[in-house]
Each structure stands twice: as C-alpha cells, then as structure tokens.
Amino acid sequence: MADGVRGNLPIELTSFVGRRQELTRAKVLMEHTRLLTLAGQGGVGKTRLAIRLAAERARAFRDGVWLVELANLHQGELAAQLVADVLGLRHDSTTPLEQLCDYIRDRSLLLVVDNCEHLIEETSQLITTLLSVAPHLRVVATSRQFLGASGEQVLPVTPLSLPSADTNEPVRTADAVSLFTDRAQAADPEFRLTEANSDTIVGICNRLEGIPLALELAAVRLRAFTAEQILARLDDTLGLLNTGLRTSPVRQQTLANTVQWSYRLCTPAEQRLWRRLSVFSGGFTLTAAETVCASEAKEPVFESLYGLVEKSIVTRTDTDGTRYHLSEVLRQFGSGLLTDWGEAYEIELRHREHYHRLAERGDLDYCSPRDLEWFTEVRTEHPNLRTALAHALSTEDNQTALDMASALRRYWTHSGFTLEGFTWITTALDKVTDPSPVRNRGLTAATFLAIMLGEQRQANELYEQCLLAEQTDPSEQLHAENVFHSALITFACGDVPEACDLAQAAMKLCIATGDDALIGECVSGATILAFSAGEVRARSAAEDFLAMATERGSNLLRSIALWMVALNHWHDGDLEQCQGHIEEAIRTLIRFDNRVFLATCFEGLGWAESSRGNHSRAATLFGATDTIWDSTKFRLAQNIVNVVGEEVREQTHSAIGDATFSAALARGAAMTTGEAVEFAIGESSRLDSTRKDTTTRPTLTRREEEVANLVAAGLSNKEVATKLVISIRTAEAHVEHILSKLNFTSRSQIGAWLNNHVHSG
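Reading the values: rules and limits
- Residues numbered from 1 in each chain as written.
- Predicted model: local features only at pLDDT ≥ 70, side-chain atom pairs only at ≥ 80, totals over all residues.
- Heavy atoms only, no water.
- Phe/Tyr/Trp six-rings, centres within 6.5 Å; stacked < 30°, edge-to-face > 60°.
- Helix = DSSP H or I, 4+ residues; strand = E, 2+ residues; numbered from the N terminus.
- Buried < 20%, exposed > 50% of the residue type's maximum accessible area, 1.4 Å probe, protein only.
- Lys NZ or Arg CZ within 6 Å of the ring centre and 35° of its normal.
- Core = buried A, V, L, I, M, F, W, Y, C linked by side-chain atoms within 4.5 Å.
- Contact = heavy atoms within 4.5 Å.
- Salt bridge = Lys/Arg side-chain N within 4 Å of Asp/Glu carboxyl O.
- Pairing = 2+ DSSP bridges.
- Axes fitted to C-alpha atoms, helices over the stretch in contact; angles between N-to-C directions.
- Arc of directions from axis to C-beta.
- Parallel < 35°, antiparallel > 145°, perpendicular 65-115°, else oblique.
- Left-handed = near helix turned anticlockwise from the far one by under 90°.

Chemist: What am I meant to see in the packing of aromatic side chains here?
Modeler: Two aromatic rings, taken as a pair, are described by how far apart their centres are and by the angle between their planes. The tally for this structure, following the rule as stated, stands at 14 aromatic pairs. A centroid spacing of 6.5 Å and a plane angle of 85° characterise the contact between Phe280 and Tyr355, whose relative ring orientation is edge-to-face. Placement of the pair is Phe280 in the loop between helix 11 (268–277) and helix 12 (286–293) and Tyr355 in helix 15 (residues 344–365), with a sequence separation of 75 residues. In terms of burial, Phe280 and Tyr355 fall into one category: buried. Between Tyr411 and Trp412 the ring centres are 5.7 Å apart and the planes differ by 55°, which places this aromatic pair in the tilted class. The burial state of Tyr411 is the same as that of Trp412; both residues are buried. Connected via pairs of aromatic rings, a cluster forms that spans Phe280, Phe284, Tyr324 and Tyr355. Positioned over the ring face of Phe679 is Arg617, at 4.3 Å from the centre of the ring.

Printed below as a string of structure tokens:
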C-alpha cells in the first residue's frame, strides 16, 4: 500500500509484468461502473491484476482499499461477516449485514472481492446489497464466471500476449516472454534471454499459451533442467495428458496439464504431501503439516515440504511466524486427487482432531501467561477452524463440532466473532439433542454468547434449558455458570443490585470449581457489575481481580483488571494513577486486538480528561469509543459503561457547548483504531511535565526491574523464579507484563532497553 493509504492490500513479493492494456481499460471502466468483475480461467492472473488495479486507484478512496479473499470461505452465509472482519468490524451483532451496511453507507471504499466463483449467488446478492446502500462504494471482483449482478461490467482476463510472427517486435516485448524470463531469473540468477535460446523460450510460452501460473510453474524448473529440456518434456507430457482431457476448453487443458506435469515431477512422498496439504484453509505451519499429513511409512514431512517449496508448489511466508500456502488452483488440484485416492475422510479427520486440540487449549490458556499465544494462534488458524467445524457437521460428527465450537467460547467473545461462534454452537446444538456433558457445555456457551449479543429472548430460552440440564447433571461447574448467567441476565433486565448479589454468589461458586477460565470470566464480570452499581466493594473487588490475574499470569484478564482499578482511581480523583493503568491496559489490548475493551479504555481516558478540564480531548476519545461501539454492537459492555459514562458525557458537552463537542466527537469518530490508540497514549495532554517522559520512557516497578535485569543477563523464567524465590508462574507473568509495558516482542529487547533507559540514568 502507498504511504497514507488505508487498506490491507498485500505487498507484492514478485514483479508485476505486463497487463498495461488491461490496467488502462480497467481504470476507464471503473470511471463508469461501480462493479467491475475480472473474469477468466484459474491461473490466468485475475487476483494479481485486481490488486495492482486497486493499488493504482487507492488514493481515490478516502476510507481505503480492502481485499476480501473468499477462497478459504466455504459457508456463503458468512460472506457478510468476512467483509465486516476485513473492514475491522466485529461480529457482535445478530444482523451482520445490517451492521455492515450501516458502516459503509457514507464511506468512500474500494473492495476487491477475490475468488467469487464457488459462492456466486451469495456474493452477487451481498455486493448488490452493499452497492445499493453505499453510493461511494466501488467493487472489483474476480471470478471464473461473471456474477450476474445488476450494473456489473465484466472485463475478460485472457492469457498474456505471445510473440507474433507477423511483426518485427523483439520477442522480449511479449508479456508471456517477459514473465517467463523474470521468473526464470528468480529461479536461476544466471539465466538470460538470448538469441540462442529465444526460440526455445518462445516455444515454451506458446506451448503454455501465455497462462501466467503455467509459465511460473515451468520457469522454476530451470533450477534442474535447461530450457530445451523443459520444452521437450512439455511436448511429451502435455501431448500425453491431452488425450484424456478433450472435453475441457483448450486453455483449461493447458493449465491442468501443466499442473499435472508439475505433479508428475514430484517424488511419490511429495505427491502424497501435496494431496494431503489440500485439506488446509488459509495456510498451515510445519507442525500442522507433520501432524495432519504424516505418511503411514513415517517419511519425514519436512523433506517433502522442502521439496514442494523448492518446486514453487508451496509458498512460504514469514510475516507472522513461518507459514506455508498452496495457491487455490494447486489446492483444488490436490483436493481432487485426495478424493480420488480415497484419502479424504482420513486426512479431514486428522485435520479436525488437530484443530480440536487447539480449541481445547483455550480452557487452560485463557487464564495463564499463554493466553496471548493461544489467541494469536487461533486467530491465524480461524479459516482452518471453520473448515474443521464444517467437516464435522457435514459428516455428522456433531458432538465434535459442538465441543470444538464451545471450547472456542472465549475466542469468539474477545476477538469479535461472537455471532459466528453463537451460530456454530446453536447449529450443532440442534443436532446434539440427547443430554450429555458436551451438550451442557454447548448450552452454557450459547447462553453466554446470547447475553453478550444482547439477545434477551434467546438468552432466556437457552438459560431455561441450562436449568433443566442441571436437574440431570447437578455438577458444581454447571450450577456456578447458571448462577453467573442469571446475574448477567438480571443486569440486562435493569435490576443492578440483584445482579451484583448474584454475581458475588456466582464468583464464590466458580472459585470452588477450580476452573481458572471460568473463575477469570466470573470474577471479571462480578467486578465490572460492582463498579457499575457504585458499590463500596468495587475498589477491593478490582484490586483482588488484579491480584488474581497477575498471579495467574493472564495478560488479557490483567488488562481488564487494570481498567477496573483505573476507574476506581478516577472515581477517587487520582487521575495520574487512572491514566497510567489505562495506558498499560491499552498496550496489552492492542496485542489481542480486543476492540471492546479498547473502547472501554478510551471511554475511561475520556472521563479522566474531562475531570482535568480537557473537555475537547475527552470528546475526541468519546468519538473514538463510539466508532468501535458501532462496529461491535457488544451491547452488554456498552450498557455497563453507559451507567456512568452518560453523565460524564453530558457534563463534557455542557462544558464546551454543542459546536465544539460535536466537532471533537466527529474527529474521534473518524479515527481508525490505530489512530485512536496513538491519540490516547501517544499525545501529551497533562500539565505535569513528566507526562511526556513517562509515555516515551515507560517505567518498571522495582520488582519488574529486578526481573528485567535477570532476563537481560540471560536467565530463564525458571532461573529467575529460583533467584527471586517466587513461583515460575509469577516469573512468567512478570516477564509478560514487562514485554507488554515496553511494547516489546522478545526478551532480547529488554537488555537493550535497560542499557538505554535505566543504566544510563
């Protein structure tokens, strides 16, 4: 993306070759249509052209250019949610399409909707709806067939131009030759297009009919073969393979044959791995590949994966840890073979079991120092989790689907996918009707998510089912959750004192279960309710919550506890402590991308700024809060904050008048989440001259500094614990808090920071 342009277009890792005429034509069409579909066969370069087109037109769209990749989505009903997720909205509304329409209505956006062909009807309806409500929206779609939507303009994307025997133009000016030459030099830096080899290169390009993916697959063979050998093998292989593909369009035969040729050049172990890797959606890690795709002969997956990367069948990315990907064309090819070989059921089962284990880790990791790692991994593997859930439901493995979806309850809640989680769980619940611990787990999870969504009727109905389940399963866990949910439902009904009493009772019951995840969830809820009710026990409850979260090492829960303690400091007039605690909470919440509690933090900072008399700044923070609320529709959290917040906002409004308040509110509402974070914790507003210094040079507590010095000296967490006579869990928690406070990602950064900021002072 160009500097200053909003969006999520990927960085181009290889050069963009040719397509100048198509780009020019597409830009002209975009001036006269709001929906442009780039249509063409698989492997012809539609996605690459769409991304380049969007990048060159990006500055025309004030609110950004956004790529929506549909290839990994196989549930058409989730298409609107996927678009919302790309735009930074959260699925905390039972009407995601309505929420999405409200968000884009007055925005100037370009959406690039990629790989629509397998969801044609759903995509066409969605795009039509969005265009009808958002006059400044433009859409560029890619598909193997046109969408059939009203107002659609189709631009056929054909293979790259080939050298013509009728002109005297140098062969290198043909786009197909340029692409092959570029990719050949990437595979073999010594390669050059010369007079001696030009006829051979032209022959390869003609044989592959200028199809970009086919050219790239062939070019990488220059690592092992000469150009002459490649052409000879293409003639032999394609001639042989064509005999079985006469009914397909010629160009589709060429691409299929090229992929087949690449497959035949793989070793048997590489071929088997290619087939099995097709079960993944959205990429995979080496560990996942080894777990899901291991052969019965125990051949090392690593060696076969290395071979596929070398042959450019699998691509590797290192943006957020090392991941591997199959392009959609190659994945579909492998998937077809996986079925033909009779391996699909077994590999899909392994895939499901692998991601079920990831989901189950949530109960242990949620209230521990491993919470950030788990949330990050689950977010990265979200497409694979969707695939695993869909496979489970499609094969009538409904118990597994329900158990997996329920295990992800905290992820659905804190990562903005509440509605999606609720949908998966209730779909599975409809299929699992006999009483069982798995069904009870699903009922309590669905009840909690319904409460979070503010769906009172559904929450009440599910809660009644939970009470019935308790009659046959009088477990401590189920009873504790039922009392907790009763507290939340009672609050939603407006009886705040009764809700607080129930929450206190639930907290004691949850603690008795010994389930850390449930304890963390319940203590968090009880503490927030106590504050909203203005109870005297709110301060001690928040401090106890912070102590518990710190002891268990939970980064997420600790950030929520910091926010609660901060609000009590605000209530007592200690604005410095309030500000410091909220800033620390924000730095952690950013790492979780937890928009709901970021909004509550912005709101809390707004209260502090209003108390200082910085009313315009407070109103700006309120505007940033409102934008997140609008994108999340997380009603319970909003209702709790509004108990206090409405009065503060009214006071701020009165202090500066309608015009100034509205302008500041609009300024905050226009901010992205990142801009709001920078405004909240990166701008000096205190009269105290130490404000800027403490923002740019975070301070550690005495204990944290002791831990930091030991970490800088190379000690492990276990060694730190022994040295300071503390538990390993406490040492882990201190290290995580130091990393969060300093906004670091590795232990090695701590030593450098100490040298620059502590030892030098």
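Picking up after the structure, the text goes on.
Chemist: Explanation requested: the nonpolar core in the structure shown.
Modeler: Taken as a class, soluble globular proteins show a tendency for nonpolar side chains to be buried jointly. Counting residues in hydrophobic clusters, the biggest one holds 210 residues, and the most contacted among them are Leu100, Leu111, Phe180, Trp274, Leu277 and Ile586. Counting residues per element, this core draws most heavily on helix 27 (residues 555–571), which supplies eleven residues. Contact partners of Trp274, with chain neighbours within four places excluded, come to Val259, Ser262, Tyr263, Cys266, Leu308, Ile313, Leu326, Leu330, Phe333 and Gly334. Met30, Ala50, Ala54 and Leu155 belong to the second-largest nonpolar core, a separate cluster that totals 23 residues.

Chemist: Sorry if this is basic, but what is going on with the pattern of salt bridges here?
Modeler: Where charged atoms from two side chains of opposite charge come close, those side chains can pair. Enumeration over the complete set of coordinates arrives at 43 salt bridges. Measuring nitrogen to oxygen at the nearest pair gives 2.6 Å for the salt bridge that ties Glu12 to Arg52. Of this pair, Glu12 sits in the segment before helix 1 (20–30) while Arg52 sits in helix 2 (residues 46–57), placing them 40 residues apart in sequence. With relative accessibility at 31%, the residue Glu12 sits in the partly exposed group. Two residues, Glu420 and Arg386, come together in a salt bridge whose shortest N-O distance is 2.9 Å. Remark: Arg386 occurs in helix 17 (residues 382–394) and Glu420 occurs in helix 20 (residues 418–431); sequence separation between them is 34 residues.

Chemist: Honestly, the sheet that holds strand 4 (residues 137–143) in this entry has me stumped. Any pointers?
Modeler: The strands making up a sheet are joined through hydrogen bonds of the backbone, oriented either antiparallel or parallel. Here we have five strands laid out as an open sheet, ordered 2-3-4-1-5, and parallel in their pairing. Either end of the sheet is taken by a strand with one partner, and the two such strands are strand 2 (65–69) and strand 5 (152–156). Adjacent strand axes in the sheet meet at a mean angle of 20° when their direction is disregarded. Judged from the five bridges that link them, strand 1 (residues 35–39) and strand 5 form a sheet pairing that is parallel. Its bridge partner being in strand 5, Leu35 is matched across the sheet by Glu152. Running over the sheet, helix 5 (residues 120–133) touches strand 1, strand 3 (109–114) and strand 4 and is turned about 165° from strand 4.

Chemist: Would you take a moment to explain helix 32 (residues 673–682) for this structure?
Modeler: In an α-helix there are 3.6 residues to a turn, and that puts residues three or four apart on one side. If you check which residues of helix 32 are buried, you get Ala676, Val677, Phe679, Ala680 and Ile681. One side of helix 32 carries all its buried residues, which in axial view fall inside an arc of 170°. For helix 32, the exposed residues lying more than 90 degrees away from the buried face are Glu678 and Gly682.

Chemist: Any chance you could explain the environment of Thr339 here in plain terms?
Modeler: Tracing the backbone shows Thr339 in helix 14 (residues 328–340). Between the alpha carbons of Thr339 and Arg276 there is a distance of 9.9 Å; along the sequence they are 63 residues apart.

Chemist: Which parts of the structure should I look at to understand the side chain of Asp63?
Modeler: Looking at the element boundaries, Asp63 is found in the loop between helix 2 and strand 2. Those residues in contact with Asp63 that lie beyond four places of it in its chain are Arg6, Arg107, Ser108 and Leu109.

Chemist: Got a minute to help me understand the packing of helix 30 (residues 615–632) against helix 32 in this structure?
Modeler: Think of two packed helices as two axes; the pair is described by the angle between the axes and how far apart they sit. At a minimum axis distance of 11 Å, the contact between helix 30 and helix 32 shows a crossing angle of 150°. The angle between helix 30 and helix 32 falls in the class roughly antiparallel. The handedness of the crossing between helix 30 and helix 32 comes out as left-handed. Residues Arg617, Thr620, Leu621, Ala624 and Ile628 of helix 30 pack against Thr673, Ala676, Phe679 and Ala680 of helix 32.

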